[in-house]
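Structural overview for review
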Amino acid sequence: MRTGNIDSTSTNADTPADPVIAAVRLHDVHRVHGKGDNQVAALRGVSIGLRRGTFTAIMGPSGSGKSTFLQCAAGLDTPTSGTVEIDGLDLSGMSETELTKLRRDRVGFVFQAFNLLPALTVEENIALPYRLAGRRADRARIAEMIDRVGLAERRNHLPSELSGGQQQRVAIARALVTAPAVIFADEPTGALDTQTTLEVLQLLRESVRTGQTIVMVTHDPVAASYADVVLFLGDGAFVAELRHPTAEKIVECVTHLGTRETRRRATGVAH
Ligand code: ADP
């Protein structure tokens, strides 16, 4: 376990063709929610660079800033100060229309609750990113994605006719179909049973092997163990990172950080 500033681009070389462009980069991001006496500093100076084709898990106790981090990194929320770049594009100063376009073209999302459109078939749900972008659907690519997530037989089914795991696989295919610069996954296995969870994680892992970048918030040490690196948030800052994680090492790290936090709260001193 390593603690301190996190910049995975400084320890992992970028591809030679693209030495400087990370999929996602945050520099000294602060996010204060609320006003006056009710202010809460949800992020306190977060800096990070995430190399393309990597799988990063974000963990941390409730209230540590995971959702705020995800929202800021995905261009859904604006930091109070600091900068966010996606695919080399600086989000500061972008209009709402520009941000919407950037998210549509370069970001994919996978949520715990699947968020499929109930009236559309599997195939239509997966084709949605093309429709939203006003682009002609790439039929071959859609068929490839349906195959990859193992739903060829179900292509004309509605979400209500599928199991939870199958619905999440549709959501993953929909996120992957346009090969976005980054996919943000928020507790993607939170609503799934153990076996289905493993299938979904293998699917995410496999997409990273073929070059996709994924950032996943999770509470589950097994889910996080599928990532290349686990970053731990505590009180609005990254407090540790774990490379080549195993579920056991993650549990150990969570326990250690929890103990440290309890001690800090009791004594007011960081150890
Ligand atoms: P996590 O996802 O790790 O639970 P959050 O990012 O949701 O953490 O929250 C971080 C801190 O910011 C918490 O103290 C939370 O209460 C506060 N917070 C989050 N969103 C808001 C908001 N819209 N208004 C006020 N406080 C907020």
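Here we summarise the structure given alongside this text.

Reading the values: rules and limits
- Residues numbered from 1 in each chain as written.
- Predicted model: local features only at pLDDT ≥ 70, side-chain atom pairs only at ≥ 80, totals over all residues.
- Heavy atoms only, no water.
- 1 Å grid on protein atoms, 1.4 Å probe; cavity = no way out; pocket = protein on both sides within 12 Å on 5 of 7 lines; lining within 4 Å.
- Points joined across faces, edges and corners; volume = space filled by probe spheres on them.
- Helix = DSSP H or I, 4+ residues; strand = E, 2+ residues; numbered from the N terminus.
- Nonpolar A, V, L, I, M, F, W, Y, C, P; charged D, E, K, R; others polar.
- Pairing = 2+ DSSP bridges.
- Axes fitted to C-alpha atoms, helices over the stretch in contact; angles between N-to-C directions.
- Near = heavy atom within 4 Å.
- Polar contact = N/O pair within 3.5 Å; in protein donor to acceptor, adjacent residues only side chain to side chain.
- Areas by Shrake-Rupley, 256 points an atom, 1.4 Å probe, with all protein chains shown as cover.
- Salt bridge = Lys/Arg side-chain N within 4 Å of Asp/Glu carboxyl O.
- Buried < 20%, exposed > 50% of the residue type's maximum accessible area, 1.4 Å probe, protein only.

Right, let's talk about the layout of surface pockets for a bit. When its volume is computed, the largest pocket comes out at roughly 470 Å³. Here the element with the most residues in the lining of the largest pocket is helix α9 (residues 247-267); it accounts for eight residues. Classifying every residue of the lining of the largest pocket by side-chain character gives ten nonpolar, nine polar and five charged. Here the second largest pocket is characterised by a volume of approximately 410 Å³. Together, 16 residues line the second largest pocket, and V107, F109, P129, L132 and R174 are the ones closest to its centre. Contributing elements (two or more residues each) for the lining of the second largest pocket: α3 (96-106), β6 (107-111), α4 (122-132) and α6 (164-176). Sort the elements by how many residues they give to the lining of the second largest pocket and β6 lands first, with four residues. Each residue belonging to the lining of the second largest pocket can be placed in one class, and the counts come to nine nonpolar, four polar and three charged.

The strands that make up a sheet pair up through hydrogen bonds in the backbone, lying either parallel or antiparallel. Spatial ordering of the open sheet is given by β6-β7-β8-β3-β9-β10, a layout of six strands whose pairing is mixed. Each end of this open sheet is capped by a strand with a single partner; those strands are β6 and β10 (237-243). Here the average twist between neighbouring strands, direction ignored, is 20°. Note that β6 and strand β7 (residues 182-186) share five bridges and pair parallel. For V110, the partnering residue across the bridge sits in β7 and is A185.

Surrounding the ligand, one finds H33, V40, A42, P61, S62, G63, S64, G65, K66, S67 and T68. S67 has a polar side-chain atom sitting 2.7 Å from an oxygen atom of the ligand. In this structure, T68 approaches the ligand through a side-chain N or O atom, which is 2.5 Å from an oxygen atom. Contact with the protein chains hides 58% of the accessible area of the ligand, taken as 560 Å² for the molecule alone. For the shell around the ligand, the secondary structure elements donating two or more residues are β2 (40-50) and α2 (66-73).

Okay, the pattern of salt bridges next. As enumerated under the stated definition, the model contains 15 salt bridges in all. A salt bridge links R44 to D235, with the shortest nitrogen-to-oxygen separation between them at 3.9 Å. Remark: D235 occurs in the loop between β9 (229-234) and β10 and R44 occurs in strand β2; sequence separation between them is 191 residues. Of the residues examined, R44 reaches a relative accessible area of 44% and is grouped as partly exposed. Judged by relative accessible area, D235 falls into the partly exposed class, the value being 35%. Across the salt bridge formed by D105 and K101, the nearest N and O atoms sit 2.7 Å from each other. In this pair, D105 and K101 are both assigned in helix α3, four residues apart and thus about one turn of the helix distant.

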